[in-house]
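Here is how the chains run, residue by residue.
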Amino acid sequence: MRLAICALKNFKADSQEGAGLPIKVLWGTIIGLVAWIMVSTVGVSGIKSLSNLGGLPATLIILCCSFTLIKWLRNPSLLIK
């Protein structure tokens, strides 16, 4: 929690900070290459496998957030420090 607060301390919705163009191009290239390799080797089912694989980390993050929410709801004094 403290790390998130430090990371977002000066971040505002209208700020101009964000990922630069080289980072966006790099990520787009990597994702495009992985998708192209999966389609050319396995077919369309490769993309379906990638979407399932990508959903696993999201599921773990949601489970961790849910666990933390339940922990905070049981002990609200953890929120106030």
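> Just give me the short version of the overall build of the chain, but keep the residues and values in it.
Across its full length, the chain carries three helices and zero strands. Starting at the N terminus and walking to the C terminus, you meet the elements of the chain as α-α-α. A burial count over the chain gives 2% of its 81 residues as buried. Surface summary for the chain: the accessible area is close to 7400 Å², and the carbon and sulfur share equals 73%.

> With reference to specific residues and values, describe helix α2 (residues 21-41).
An ideal rise of 1.5 Å per residue puts 30 Å on 21 residues; α2 measures up with 30 Å between its terminal C-alpha atoms. Where α2 ends, the next residue or the one after it, G43, has phi of about 100°, a positive value.

> Can you tell me about a nonpolar patch on the surface, naming the residues and giving the values?
On the surface, I23, L26, W27, I30, I31 and V34 cluster together into a nonpolar patch covering about 580 Å² of accessible area. Its place among the elements puts W27 in helix α2. Its relative accessible area of 53% is what places W27 among the exposed residues.

> A description of the packing of α2 against helix α3 (residues 44-74) should follow, citing residues and the corresponding values.
Relative to each other, α2 and α3 sit at 135°, their axes nearing to 6 Å. Overall, the two elements α2 and α3 adopt an arrangement that is oblique. Here the hand of the crossing between α2 and α3 comes out right-handed. For the pair formed by α2 and α3, the contact residues are V34, A35, M38 and V39 on the first element and G46, I47 and L50 on the second. Split into classes, the residues belonging to the contact of α2 with α3 amount to six nonpolar, one polar and no charged.

> How would you explain the state of the cysteines if you had to name every residue and give the values?
Per the counting criterion, the structure on display carries zero disulfides. Between C64, a free cysteine, and C65, which holds the nearest cysteine sulfur, the sulfur-to-sulfur gap is 7.0 Å.

Rules and cut-offs
Residues numbered from 1 in each chain as written. Predicted model: local features only at pLDDT ≥ 70, side-chain atom pairs only at ≥ 80, totals over all residues. Heavy atoms only, no water. Helix = DSSP H or I, 4+ residues; strand = E, 2+ residues; numbered from the N terminus. Buried < 20%, exposed > 50% of the residue type's maximum accessible area, 1.4 Å probe, protein only. Areas by Shrake-Rupley, 256 points an atom, 1.4 Å probe, with all protein chains shown as cover. Expected span 1.5 Å × (residues − 1). Patch = residues over 30% accessible without salt bridge, like charges linked within 9 Å, V, L, I, M, F, W, Y side chains within 5 Å. Salt bridge = Lys/Arg side-chain N within 4 Å of Asp/Glu carboxyl O. Axes fitted to C-alpha atoms, helices over the stretch in contact; angles between N-to-C directions. Parallel < 35°, antiparallel > 145°, perpendicular 65-115°, else oblique. Left-handed = near helix turned anticlockwise from the far one by under 90°. Contact = heavy atoms within 4.5 Å. Nonpolar A, V, L, I, M, F, W, Y, C, P; charged D, E, K, R; others polar. Disulfide = S-S within 2.5 Å.

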